Amino acid sequence: MTFLAPLRLAIDIGGTFTDTVLVDAADAVIASTKTLTTHDNPAEGALLGATRALADATASMKDITGFIHGTTLATNALIEKRGARVATITTEGFRDILEIGYERRYSQYDINLQKTDFLVPRDRALTVRERMSASGEVLIALDEASIADLIAKLDDCKAEAVAICLMHAYANSAHEQRLRHLLQEVRPDLRISISSEVSPEAREFDRLCTTVANAYIQPLMARYLDAFASAFKSKGLRCPILMMTAGGGMTTLHTAGQFPIRLVESGPAGGAILAARIARENDLGAVLSFDMGGTTAKLCLIDDATPQTSRQFEIGRAARFIKGSGMPVRIPVIDMIEIGAGGGSIAAVDRLGRLTVGSKSAGSEPGPVAFGRGGSDPTVTDADVVLGYIQAENFAEGQFAIETAAAEEVLLTTLGMPLGLDACGAADGVSRIVDESMASAARTHAVESGKVLSQRTMIAFGGNGPLHACRVARSAGVRRVLIPTKPSVGSALGFLFAPVSLEIVRSRYALLAEMDIAAINRLLGDMCSEALAVVRQGDAEAPITTRRSAYMRYHGQGHEIEITLPDRAISAEDLKSLTAAFETAYSAQFSRPVPGMNIEILNWSVHLSTPMRPLSEITAQPRLRHIQPTRTKHIFCDVSGVFREAAFVPREVLRPGDHLSGPALIAEPQTTTFVGADFTLDVDMRGTLILTRETQSD
């Protein structure tokens, strides 16, 4: 195989499959593969994928000059409660921050309400005498004489990691840093996270939760990252490994090891980056990205080729989809909704005789029944096999045989017989429920963001995204779907288009009309220097783009609006334009400004990033060609509700300009695109599949 050197490699370790993509200097995909995730040693499956991809390209590990990695390990450790034994140290008098929380119930009238697990019980919540003011003034000096007693308590509770969150440490971190130094002098192996580094923002509950989550996964992730890097180095890798972050950028292994909380949701972030790039290529203003894998489905709203972002999300919700029932984490993150709806999602009949799907997954071990690897529960993939959407001849690059009869048997006995259905009826029920669950999640996410789905184009990828895209789009009211090339490894491919970036947020309260401009400029300058040092570790030469922001609100309000600052030192002349920018943004969100109110700033942010990789220019238009498939497959038509023949077309034979009407299966080694009976398919100049829903179904 010929390729344009040098090579770049991306590996995304998911809950079911590990995706590997190899591209050359022109960003052309020269090899990709999916391997089953090896949960006991994730690096094993990653090495297998890299070895296969390099062999396909007739290349070796030493030819790789760029390596980006994303993983669900941090996410899964938090969800599955497999982290370290954490103790907290807070300011004396504030031991019960986690117990008090927001001082409200997330479901006010639920008498059986399940409390959120904040990972640290009260008997591991320790305190130290000290106090800072909100302006960073030392009110009570750190009681260093009590450190010996503190260490004894940490030993007694067998703490493996410590989360330090002292009052107003975001304004002055001296006490947190000194306390960490004193603890590490005596216990050098103790992993310590301090809030002034992990989340230096006001609001102590959120800051403590974020620091606890970071401390909880830090030992596990540090060991994993070291082992992962060592495994690839032993195989000849010479370049550094960069990690994908939840905010859509890349960072170094060292930074990732210090702040692993930023790796949570790093895999789905890669998918959003890919969808944003496709939106730019196709000049799409409003997009819904749909990433369905083996364990979960992720949906993200993208406007003007920019994914929707957030400063906070929740992990480990006690009640699915109910805000406030999880542990709040304040880090920069691409805002998306994730639900337990993947190919491995398990279907069952509950005690009320209702068919349910998810959120538990069969994963890769043992996997769906059709995989023949010991799975015993019916899954979404088993339903797709029975309905004919998954064909054994092209599934998973032939890594294992599909056992259709076993899938039919488990659907019939576990679901069909209790519900009075045959295997096909049970499979159709599973399929419709999971598709509606994803469409409902998309509608909810759009409504919460004040946006409309029907005006959007869906970009679908992931191992199961192309298979379910038409059905989800129909239920969500979306008429147009794009399936990019190599869709099954979309998140890993997105890694390769992500910039090296870092966002830093600091709390420094100021009234806009009275703020110390010189002090704020020093703060922003220090933040830029700190971020630049990290970004340059990932890319020493690329030009840097800087975005500065202030989080502003009217005096006394509880929530802020992000306002962009000029990329230079602030001057007194800027205050009028900043006031106007805030009032415009406030009016857009709340209909009108509030005259005569003072404007205050709570947080300041800087975001440094290398450029996005350039787009390929295509100006030619394809010539329309109606194709006549030579092969068909017997599938269940989800529009008419009966089995019928569907065109079966290998994707590699399609050319720009090709057109056909559904139902059809577009097969490729790692996934299949299902074209519904009420959709047509067109191929553009980049090889993207464009699925358009007709107003009248056949």
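The coordinates are above.
Since the structure is predicted, the reported quantities are computational estimates derived from the model, not experimental observations.

Engineer: I'd like to hear about the side chain of Thr-379, residue by residue, with values.
Structural biologist: The topology assignment puts Thr-379 in the loop between strand S22 (355-361) and helix H10 (380-386). Note on Thr-379: relative accessible area 0%, which makes it buried.

Engineer: Quick one: what's the story with the sheet that holds strand S9 (residues 161-165), residue by residue and with numbers?
Structural biologist: Taken together, the four strands give an open sheet; going across it, the order is S6-S5-S9-S10, and neighbouring strands pair in parallel fashion. Only two strands of the sheet have a single partner each, and these edge strands are strand S6 (125-128) and strand S10 (191-194). Strand-to-strand twist of the sheet, defined as the mean angle between neighbouring strand axes without regard to direction, takes the value 25°. Relative to S10, S9 is paired through four bridges, and the arrangement is parallel. When the bridges of S10 are listed, Ala-163 appears paired with Ser-193. Sheet strands in contact with helix H4 (residues 147-156) are strand S5 (86-91), S6 and S9, and its direction is about 175° off that of S6. Strand contacts of helix H5 (residues 174-186): S5, S6, S9 and S10, with the helix running at about 175° to S10, the strand carrying the most contacts.

Engineer: I'd like a rundown of the pattern of salt bridges, residues and numbers included.
Structural biologist: The tally for this structure, following the rule as stated, stands at 30 salt bridges. Notably, a salt bridge pairs Asp-96 with Arg-122, separated by 2.6 Å at the nearest N-O pair. You can see Asp-96 sitting in the loop between S5 and helix H3 (97-100) and its partner Arg-122 sitting in the loop between H3 and S6, a full 26 residues away along the chain. Residue Arg-548 is joined to Asp-567 by a salt bridge in which the shortest nitrogen-to-oxygen separation is 3.5 Å. Note that Arg-548 is positioned in strand S26 (residues 545-554) and Asp-567 in the loop between strand S27 (561-565) and helix H16 (574-590), a separation of 19 residues in sequence. The exposure class of Arg-548 is buried, given its relative accessible area of 12%. By relative accessible area, which is 49% here, Asp-567 ends up partly exposed. Linked through salt bridges whose partners overlap, the residues forming this network are Arg-203, Arg-553, Glu-560 and Glu-600.

Engineer: Explain the pairing of strand S28 (residues 599-609) to me, using residue names and the numbers behind them.
Structural biologist: Each regular strand shows side chains that alternate between the opposite faces of the sheet. The element S28 is largely enclosed, with a buried count of eleven among its eleven residues. Across ten bridges, S26 lies against S28 in antiparallel orientation. Opposite Met-552, over in S28, you have Ile-601 as the bridge partner.

Engineer: Could you give an account of helix H11 (residues 404-419), naming the residues involved and the relevant values?
Structural biologist: Its 16 residues give H11 an end-to-end C-alpha distance of 21 Å, which sits within 8% of 22 Å, the value for a rise of 1.5 Å per residue. The largest bend in H11 amounts to roughly 40° and is located at Leu-412. For H11, the full list of buried residues reads Ala-407, Val-410, Leu-411, Leu-415 and Gly-416. Its buried side turned inward, H11 meets strand S21 (345-349), S22, H10 and helix H12 (423-448). Of the residues trailing H11, Gly-420 is marked for its positive phi of about 70°.

Engineer: Which residues make up the sheet that holds strand S30 (residues 632-636), and what are the values?
Structural biologist: Pairing is mixed in the open sheet, where four strands are placed in the order S30-S31-S33-S34. Pairing within the sheet leaves two strands with one partner each, and these edge strands are S30 and strand S34 (671-675). This sheet shows a mean twist of 35° between the axes of neighbouring strands, independent of strand direction. Where S30 and strand S31 (residues 643-650) come together, five bridges link them in antiparallel fashion. Across the sheet, Ile-635 pairs through a bridge with Arg-644, a residue of S31.

Engineer: A description of the packing of H4 against H5 should follow, citing residues and the corresponding values.
Structural biologist: Closest axis-to-axis distance for the H4/H5 pair is 11 Å, and the angle between their directions is 65°. The handedness of the crossing between H4 and H5 comes out as right-handed. Contact residues: H4 offers Ile-147, Leu-150, Ile-151 and Leu-154, while H5 offers Leu-179, Leu-182, Leu-183 and Val-186. Considered class by class, the residues forming the contact of H4 with H5 number eight nonpolar, no polar and no charged.

Engineer: Break down the nonpolar core for me, with residues and values.
Structural biologist: Within the largest apolar cluster, 69 residues are counted, with the highest numbers of intra-cluster contacts made by Phe-290, Val-430, Met-438, Met-458, Val-481 and Leu-691. Apart from residues no more than four positions distant in its own chain, Leu-691 is found in contact with Cys-470, Arg-479, Arg-480, Val-481, Ile-483, Thr-673, Phe-674, Val-675, Phe-679, Thr-680 and Leu-681.

Engineer: Please provide a residue-by-residue account of the packing of aromatic side chains, values included.
Structural biologist: In this structure the tally under the stated criterion is twelve aromatic pairs. Between Tyr-224 and Phe-228, the aromatic rings sit 5.7 Å apart at their centres with planes inclined by 45°, giving tilted as the arrangement. Note that Tyr-224 and Phe-228 are positioned in helix H7 (residues 204-234) at a spacing of four residues, about one turn of the helix. Given a relative accessible area of 7%, Tyr-224 falls into the buried group. With 4.7 Å between their ring centres and 75° between their planes, Tyr-554 and Tyr-586 make a pair best called edge-to-face. Residue Tyr-554 is located in strand S26, and its partner Tyr-586 is located in helix H16; the two are separated by 32 residues in the primary sequence. Accessibility classification places Tyr-554 together with Tyr-586 in one group, the buried group.

Engineer: Account for unusual backbone geometry, with residues named and values stated.
Structural biologist: The omega angle of the peptide bond from Gly-662 to Pro-663 is 5°, so this bond is cis rather than trans. Along the chain, Pro-663 falls in the loop between strand S32 (658-661) and strand S33 (664-668). With phi around 65°, Asp-27 is a residue other than glycine that occupies positive phi space. Relative to the elements of secondary structure, Asp-27 occurs in the loop between strand S2 (17-23) and strand S3 (29-36). Looking at Asp-27, the relative accessible area reads 16%, which means it is buried. Although it is not a glycine, Lys-486 adopts a positive phi angle of roughly 50°. Judged by its relative accessible area of 33%, Lys-486 is partly exposed.

Engineer: So what about the environment of Lys-81? Which residues, and what values?
Structural biologist: Along the chain, Lys-81 falls in the loop between helix H2 (73-79) and S5. Taking the C-alpha atoms as reference points, Lys-81 and Gly-316, separated by 235 residues in sequence, lie 9.1 Å from one another. Beyond its immediate sequence surroundings of up to four residues, Lys-81 is in contact with Asn-76, Asp-117, Leu-119 and Tyr-216. Reaching out from Lys-81, the side chain makes a polar contact with the backbone oxygen of Leu-78 at a distance of 3.5 Å.

Engineer: Can you break down the packing of H12 against helix H13 (residues 465-476) residue by residue, with the values?
Structural biologist: When two helices pack together, their arrangement is given by the angle between their axes and by how far apart the axes lie. Running from amino to carboxyl end, H12 crosses H13 at an angle of 55°, the nearest separation of the two axes being 8 Å. With respect to each other, H12 and H13 are oriented oblique. H12 and H13 meet at a crossing whose hand is right-handed. Contact residues: H12 offers Ser-431, Val-434, Asp-435, Glu-436, Met-438, Ala-439 and Arg-443, while H13 offers His-468, Arg-471, Val-472, Ser-475 and Ala-476. Classifying every residue of the contact of H12 with H13 gives five nonpolar, three polar and four charged.

Cut-off values and rules
- Residues numbered from 1 in each chain as written.
- Predicted model: local features only at pLDDT ≥ 70, side-chain atom pairs only at ≥ 80, totals over all residues.
- Heavy atoms only, no water.
- Helix = DSSP H or I, 4+ residues; strand = E, 2+ residues; numbered from the N terminus.
- Buried < 20%, exposed > 50% of the residue type's maximum accessible area, 1.4 Å probe, protein only.
- Pairing = 2+ DSSP bridges.
- Axes fitted to C-alpha atoms, helices over the stretch in contact; angles between N-to-C directions.
- Contact = heavy atoms within 4.5 Å.
- Salt bridge = Lys/Arg side-chain N within 4 Å of Asp/Glu carboxyl O.
- Expected span 1.5 Å × (residues − 1).
- Bend = angle between axes of the 7 residues up to and from the residue.
- Left-handed = near helix turned anticlockwise from the far one by under 90°.
- Nonpolar A, V, L, I, M, F, W, Y, C, P; charged D, E, K, R; others polar.
- Core = buried A, V, L, I, M, F, W, Y, C linked by side-chain atoms within 4.5 Å.
- Phe/Tyr/Trp six-rings, centres within 6.5 Å; stacked < 30°, edge-to-face > 60°.
- Polar contact = N/O pair within 3.5 Å; in protein donor to acceptor, adjacent residues only side chain to side chain.
- Parallel < 35°, antiparallel > 145°, perpendicular 65-115°, else oblique.

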